[in-house]
Amino acid sequence: MMLSNLLKVYMKNSFSLKRLFGFDLKKNRVKTIFTSIAIVYGVCVIVGLFGWMFFDLGRVLDDMGQTQILLSFLGVFLVVFPVFLTLFLASGSLFYYKDYDIVGHLPIKPRTIFLAKLIVMLTMLYVTTLIGILPIIFSYFYWQGFSFVALIFFIVSLIVIPLISVAVFSLLSLVIAIVTSRIRFGKLLNIIFLFIIFFGFMLLMLQVNDVDVNPLTGQIDLFKGIADAYPPLTWFTKAIGEQDWLSFLYLIGSHGLLFAGFIYGGARLAAYTNKRGIRVMKHSKKGPVKIQQANIVVTLVKKEFKRLFSGVNYALNTLFGVVITIVLSIASLFFGNEIISYLQTDLGGIVSPELIVVMIIGFSVMMTTTPAVSLSLEGKKLWVIKSLPIEPYKIMYAKIFMNLVLIIPMVFIGTLLFGYSSQISLINQLAMMLMLLAFGVAMSFIYGIINMYIPKFEFSNEVEVVKQSLSVLIAIFAGFAMLAINGLLFYFVLVDLNMALSFLILSIINGLIGAVCWYVVRYQSARIFANYQG
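Conventions used here
- Residues numbered from 1 in each chain as written.
- Predicted model: local features only at pLDDT ≥ 70, side-chain atom pairs only at ≥ 80, totals over all residues.
- Heavy atoms only, no water.
- Helix = DSSP H or I, 4+ residues; strand = E, 2+ residues; numbered from the N terminus.
- Buried < 20%, exposed > 50% of the residue type's maximum accessible area, 1.4 Å probe, protein only.
- Contact = heavy atoms within 4.5 Å.
- Areas by Shrake-Rupley, 256 points an atom, 1.4 Å probe, with all protein chains shown as cover.
- Expected span 1.5 Å × (residues − 1).
- Core = buried A, V, L, I, M, F, W, Y, C linked by side-chain atoms within 4.5 Å.
- Phe/Tyr/Trp six-rings, centres within 6.5 Å; stacked < 30°, edge-to-face > 60°.
- Lys NZ or Arg CZ within 6 Å of the ring centre and 35° of its normal.
- Salt bridge = Lys/Arg side-chain N within 4 Å of Asp/Glu carboxyl O.
- Axes fitted to C-alpha atoms, helices over the stretch in contact; angles between N-to-C directions.
- Parallel < 35°, antiparallel > 145°, perpendicular 65-115°, else oblique.
- Left-handed = near helix turned anticlockwise from the far one by under 90°.
- Nonpolar A, V, L, I, M, F, W, Y, C, P; charged D, E, K, R; others polar.

Draft legend 1. Quick peek at the overall build of the protein. Looking only at helices and strands, one finds 23 helices and zero strands in the protein. Within the protein, the proportion of its 534 residues that are buried is 49%. A separation threshold of at least 6 residues defines the contact pool for the protein, and within that pool the share at least 24 residues apart is 81%. Surface exposure of the protein reaches about 26700 Å², of which carbon and sulfur atoms provide 70%.

Draft legend 2. Main features of helix 15 (residues 320-335). The terminal C-alpha atoms of helix 15, which comprises 16 residues, lie 22 Å apart, in line with the 22 Å expected from a rise of 1.5 Å per residue. By the burial criterion, the buried members of helix 15 are F320, G321, V322, I324, T325, S329, A331 and S332.

Draft legend 3. Representation of the nonpolar core. Formed by 75 residues in total, the largest nonpolar core has its most connected members in L375, F503, F529 and Y532. Residue contributions to this core peak at 14 residues, all from helix 20 (residues 426-453). If sequence neighbours within four positions are ignored, Y532 has contacts with L375, L382, K386, N451, M452, Y453, P455 and F457. Core analysis: the next-biggest nonpolar cluster, separate from the first, contains 35 residues, L61, A150, F153 and A239 among them.

Draft legend 4. Structural context of the environment of Q429. Here Q429 is to be found in helix 20. Taking the C-alpha atoms as reference, Q429 lies 6.4 Å from T415; in sequence the two are 14 residues apart.

Draft legend 5. A look at unusual backbone geometry. Backbone geometry places Q243, a non-glycine residue, at a positive phi of 50°. Residue placement: Q243 occurs in the loop between helix 11 (231-242) and helix 12 (245-276). The class for Q243 is partly exposed, based on a relative accessible area of 30%. One non-glycine residue, Q423, lies in positive phi territory at about 55°. Looking at the secondary structure, you find Q423 in the loop between helix 19 (392-421) and helix 20.

Draft legend 6. Summary view of the packing of aromatic side chains. Inspection of the entire model under this criterion finds 23 aromatic pairs. Between the aromatic rings of Y140 and F141, the centroid separation amounts to 5.4 Å while the plane-to-plane angle is 75°, which identifies the pairing as edge-to-face. Residues F490 and F503 carry aromatic rings whose centres are separated by 6.1 Å and whose planes lie at 25° to one another, so their mutual orientation is stacked. Separated by 13 residues along the polypeptide, F490 in helix 22 (residues 470-494) and F503 in helix 23 (residues 499-530) bring together distant segments of the chain. Judged by relative accessible area, F503 falls into the buried class, the value being 1%. Through a chain of ring-to-ring contacts, the aromatic side chains of F54, F73, F77 and F81 assemble into a single cluster. Taking NZ or CZ as reference, R522 lies 3.8 Å from the ring centre of Y393, over its face. It is R522 that lies over the ring of Y523; its NZ or CZ is 4.9 Å from the centre.

Draft legend 7. Seen up close, the pattern of salt bridges. Applying the stated criterion to the full structure yields eight salt bridges. For the salt bridge of E378 with K399, the shortest nitrogen-to-oxygen distance reads 2.9 Å. Taken together, the residues span a long stretch of sequence, with E378 in the loop between helix 17 (353-367) and helix 18 (382-387) and K399 in helix 19 at a distance of 21 residues. For the pair formed by E378 and K399, the shared burial category is buried. Overlapping salt bridges, with partners in common, bring together K303, E304, R307, E378 and K399 in one network.

Draft legend 8. Summary view of the packing of helix 1 (residues 2-15) against helix 6 (residues 110-144). Taken N-terminus to C-terminus, the directions of helix 1 and helix 6 make an angle of 40°; their axes are 9 Å apart at the nearest point. By the angle between their axes, helix 1 is oblique relative to helix 6. Seen from above, helix 1 lies across helix 6 with right-handed handedness. On helix 6, the residues touching M2, L3, L6, L7, Y10, M11, S14 and F15 of helix 1 are T112, I113, L115, A116, K117, I119, V120, T123 and M124. Within the contact of helix 1 with helix 6, the residues separate by chemical class into 13 nonpolar, three polar and one charged.

These results come straight from atomic positions and should not be treated as a statement about function.
Now the structure itself:
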């Protein structure tokens, strides 16, 4: 009974519509309509893109008589997806409750609190994972044929398979939190460690065999090999593909017992860690305090950078594009034109090196989304910035300029290094830089406007803002839309012009879009800020 009541509170707090949207739907009907349209559009785009890829992969495998390989893809995703979400959430959700000062004094057993927190985290994990694997499920049952027993096995497997990943990486998340809290630059090391995990997974995904039209066909041997090497995935493919009850029981029994052990030990560990709290090693330098006057926007930009690197989830999600561009561009100096040639092969060999470079860096610019979350991260401290004698547009400028400080070096470094390794002419490199910088300015202001109109000030963990907020979702779709607009303009309007001239025209267009967005931020931010509560 106590667990049920606690779950109702946590579920309502985590998954209410007001919490998910970031505003009261009844009081903001126009905003609700537009954001609902944006969500539907985004889901359709994602499901449509990955749906087509996996549907086509199913067709290829069906022609080969190997439809069951789709289960290898499905099983690997069920194991891998929870890893990243667990690394983000587990430490703060399970071992260091932010509300421990309240729940810790209530007449509730520590194990009950732990179970409630764990169930909420698993619910979030299952929903996210299900959205990602729906295209694979549809493709499998379409080409293999529907079976009620296989469907039941799949539903149970969806619940069971992620459990070992959750148990192992929850403990790893705790270890990382403890270790990094005792190191001077622990947060930075944590960010670097997680980036290494991401890039390691990406490099693994690039180990492909011959690719046809669909890039997923190049992953067949890799995913089948992983499934064959990991016994639970072998049981999973046999259980669903052959309706093998023994394999199904092996899968449930092994995961159930291991996870039961994790719950028993994890509840005890959580009770200890929450009472003890995380002790951060403080390093201080004694000396005279220097007070220097500085431009208010510059001061606010510095504050934004401190916040960026004080939160692992914030930095990891918003710096991904910057890091991947710099890493790939430096790698191009050692591998010559191989990276560009590889991507040209995937695209049928019809795309010039200039366009490949613009697509790589443009995608990275689009993924640098700090203005889409930085205002929301003010959270309950919003009243502080509202009480300062600073014009709202300067606060937004600081958040947008920080994004530009991240983007501008990335554009210069990426364009120059890729340009050198791909032997792109200097005039084309300069035109590419100008176009990407204009695109970066436009995107930074667009992201700032989105977060201004759709903030999420109520959250218990920064992951809710950085990964799950509506402003981030809409920002990503807006970024893809801007990339698509530039691509369509190039291929249908500017394709016959000189390459440098085409990029110059796109620079002007993106610059005009950025100017319009600047006007909105400059002259609408005060009115919008006045409506914020807090």
